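Results of the structural survey
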Amino acid sequence: MAAAARRGRLGREGRASLCSFLLGASVAALPLLLGSSPALLAGPGLRGRLALALHVAGVNAALLLIYSRPLYKIAVRACFLGFAFGCGLLLSAGRSAWRHFGWYMCSLSLFHYSEYLVTAINNPRSLSLDSFLLNHSFEYNLAALSSWVEFTLEKLFFPELKQITWLSTVGLLMVIFGDCLRKAAMLTAGSNFNHIVQNEKSDTHTLVTSGVYGWFRHPSYVGWFYWSIGTQVLLCNPICVVGYALASWRFFRERIEEEEITLIHFFGEEYLEYKRKVPSGLPFIKGVKLEL
C-alpha cells in the first residue's frame, strides 16, 4: 500500500525521468547482447565504442518520439545520468585502472538523478530542470572538472596511486553515507525542503526537528559535505580532497548562516531553542550568531 501511494505521488515528470534514467542505464546490458566482457569501455577495439554510440542514438530517438518538448528536456537529462550510471557499472566490472572511476561515475550520476526524483516525490511544486543540480554553479562544475583532470594526470604519471582499493572503498562508504543522509533529510523535511533558500514563509512551512533533524540542524548539508569529500577519497585525488574540503566547508558555512537568518525570521524563539540544543553537524560551523 505504501509503495502504491508513493507511486501515485510521482507525477508525469517524475515518471518520465525514472523511465528515461532506466533506459539510459540499460547500456550496462550491452555486454550481454554482444556476448563480450563486461569491461566494454576499457577493452580494446571499436566494437564496444560503436555499440555505445548506437545505443545513445537509439535511445535519444526513442525519447524524441515518446515525449513532447517539455518532457523531453527532463527525459534527456535523466537519460544522460542513467547512461553515465550504466557506463560506470561497465567500468566497475573490469579490473582496469579505471575501475574506481567507474564507482565515481555511478555515485555522481545517482546523486544528481536522485535529487530530481526525491524532489518530484516530496515537493513537486518546486520541481524544475534545476532540480537535477547539473547547473548548480560555475564553481561546482569547475571543481568536478578539476577532479577529472587530477585523476587522469595522476593515473598517467603515478598509476599505483589510483590502485589503493582500501582507500577507494573508504571513499565509497563516505559517498554512500553522505548521499543516504542527504536523501533522508529531504524525505524527512517533505515539502519543507527546497534547493533554494526561501525568503518568504509559506502556509505549509513548518520547523522540522524530528528524525535526522534531531541529530543535526542541517543534515542535508552534512550529507552533501561528506559525499563531496568522499568522491575525491574514492578517486584517490589528494589535491582535490583538500580543495573540496576547504571549498565545501566555506560554501556551507555561508549557506548555513544565510539560511538560519531566514529560519529565525520564520520561527523566532522556536528555532533559537532548537539551535541551542542541536549542532549544525559540520565541523567548526556554529551557524549565525544572532539573538532576538
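Residues numbered from 1 in each chain as written. Predicted model: local features only at pLDDT ≥ 70, side-chain atom pairs only at ≥ 80, totals over all residues. Heavy atoms only, no water.

Description of the packing of helix α6 (residues 99-122) against helix α7 (residues 138-157)
Here α6 crosses α7 at 170°, and the two axes come no closer than 12 Å. The angle between α6 and α7 places the two elements in the roughly antiparallel class. Where α6 crosses over α7, the two elements pack in a sense that is left-handed. Counted together, Phe101, Tyr104, Leu108, Phe111 and His112 of α6 and Tyr140, Ser147, Trp148 and Phe151 of α7 form the full contact between these two elements. In terms of residue class, the contact of α6 with α7 is built from seven nonpolar, two polar and no charged. (Axes fitted to C-alpha atoms, helices over the stretch in contact; angles between N-to-C directions. Helix = DSSP H or I, 4+ residues; strand = E, 2+ residues; numbered from the N terminus. Parallel < 35°, antiparallel > 145°, perpendicular 65-115°, else oblique. Left-handed = near helix turned anticlockwise from the far one by under 90°. Contact = heavy atoms within 4.5 Å. Nonpolar A, V, L, I, M, F, W, Y, C, P; charged D, E, K, R; others polar.)

Focus: the pattern of salt bridges
The final tally for this structure, using the stated rule, is eleven salt bridges. Across the salt bridge formed by Glu13 and Arg12, the nearest N and O atoms sit 3.9 Å from each other. Residue Glu13 is classed as partly exposed on the basis of its relative accessible area, which comes to 28%. Among the salt bridges present, the one from Arg276 reaches Glu269, with a minimum N-O distance of 2.6 Å. Within this structure, Glu115, Asp179, Arg182 and Lys183 form a network of salt bridges that share partners. (Salt bridge = Lys/Arg side-chain N within 4 Å of Asp/Glu carboxyl O. Buried < 20%, exposed > 50% of the residue type's maximum accessible area, 1.4 Å probe, protein only.)

As for the environment of Ile239
With respect to the helices and strands, the residue Ile239 is situated in helix α10 (residues 238-267). We classify Ile239 as exposed; its relative accessible area is 61%. Between the C-alpha atom of Ile239 and that of Glu254, which follows or precedes it by 15 residues, the distance is 23 Å. If sequence neighbours within four positions are ignored, Ile239 has contacts with Glu150 and Glu154.

As for the nonpolar core
Of all hydrophobic cores here, the largest spans 50 residues; its most connected members are Phe101, Tyr213, Trp224, Trp227, Tyr271 and Leu282. Breaking this core down by element, the ones donating at least two residues are α4 (47-66), α5 (69-93), α6, α7, α8 (165-189), α9 (219-234), α10 and α11 (269-277). Looking at this core, the element that brings in the most residues is α9, giving eight residues. Here this core gathers at least three residues from each of two domains, domain 1 (7-134) and domain 2 (136-291). If near-sequence neighbours (up to four positions away) are discounted, Trp224 is found in contact with Phe111, Leu133, His136, Tyr140, Gly178, Arg182 and Phe252. Membership of the second largest hydrophobic core comes to 23 residues, among which are Phe21, Cys79, Phe85 and Ile121. (Core = buried A, V, L, I, M, F, W, Y, C linked by side-chain atoms within 4.5 Å. Domains from an automatic or database assignment.)

With respect to a nonpolar patch on the surface
Residues Phe138, Leu142, Leu145, Trp148, Val149, Leu153, Leu156, Phe157 and Phe158 make up a contiguous nonpolar surface patch of about 960 Å² in total accessible area. Assignment of secondary structure puts Trp148 in helix α7. (Patch = residues over 30% accessible without salt bridge, like charges linked within 9 Å, V, L, I, M, F, W, Y side chains within 5 Å. Areas by Shrake-Rupley, 256 points an atom, 1.4 Å probe, with all protein chains shown as cover.)

Observations concerning the UniProt feature "transmembrane region" (unreviewed entry) in the protein
Under the UniProt annotation, "transmembrane region" (unreviewed entry) lies at residues 51-67, 74-95 and 224-247. Taken as a whole, residues 74-95 contains 91% helix and 0% strand, while its terminal C-alpha atoms sit 34 Å from one another. Across residues 224-247, helical content stands at 88% and strand content at 0%; the span's end C-alpha atoms are separated by 12 Å. (UniProt positions renumbered as here; feature names shortened; annotations may be inferred.)

Focus: the domain arrangement of the protein
Each assigned domain of the protein is listed here: domain 1 (7-134) and domain 2 (136-291). Each of domain 1 and domain 2 has a C-alpha centre, and these two points are 24 Å apart. With 22 residues of domain 1 at the contact, the number on the domain 2 side is 33 residues. Each partner contributes to the roughly 2500 Å² buried at the junction of domain 1 and domain 2, and carbon and sulfur atoms together form 62% of this total. Among the residues domain 1 hides against domain 2, the three largest losses belong to His100, Tyr104 and Phe111. Together they make up 25% of the total. Inspection of the domain 1/domain 2 interface yields two salt bridges. The residue Arg182 makes a salt bridge to Glu115 at a minimum N-O spacing of 2.7 Å. One can count twelve residue pairs in polar contact (both at pLDDT 80 or more) joining domain 1 with domain 2. When grouped by side-chain class, the residues that make up the side of domain 1 that touches domain 2 number ten nonpolar, ten polar and two charged. (Buried area = accessible area lost by both parts, 1.4 Å probe. Polar contact = N/O pair within 3.5 Å; in protein donor to acceptor, adjacent residues only side chain to side chain.)

Quick word on the confidence of the model for the protein
For the protein, the average pLDDT comes to 90, and 91% of its residues sit at 70 or higher. Within the protein, helix α1 (residues 2-9) has the poorest average pLDDT of any element, 46, and α9 the best, 98. This stretch, residues 1-8, has a pLDDT under 50; its non-local contacts, to residues over four places away or in other chains, come to one contact. (pLDDT = per-residue confidence, 0-100.)

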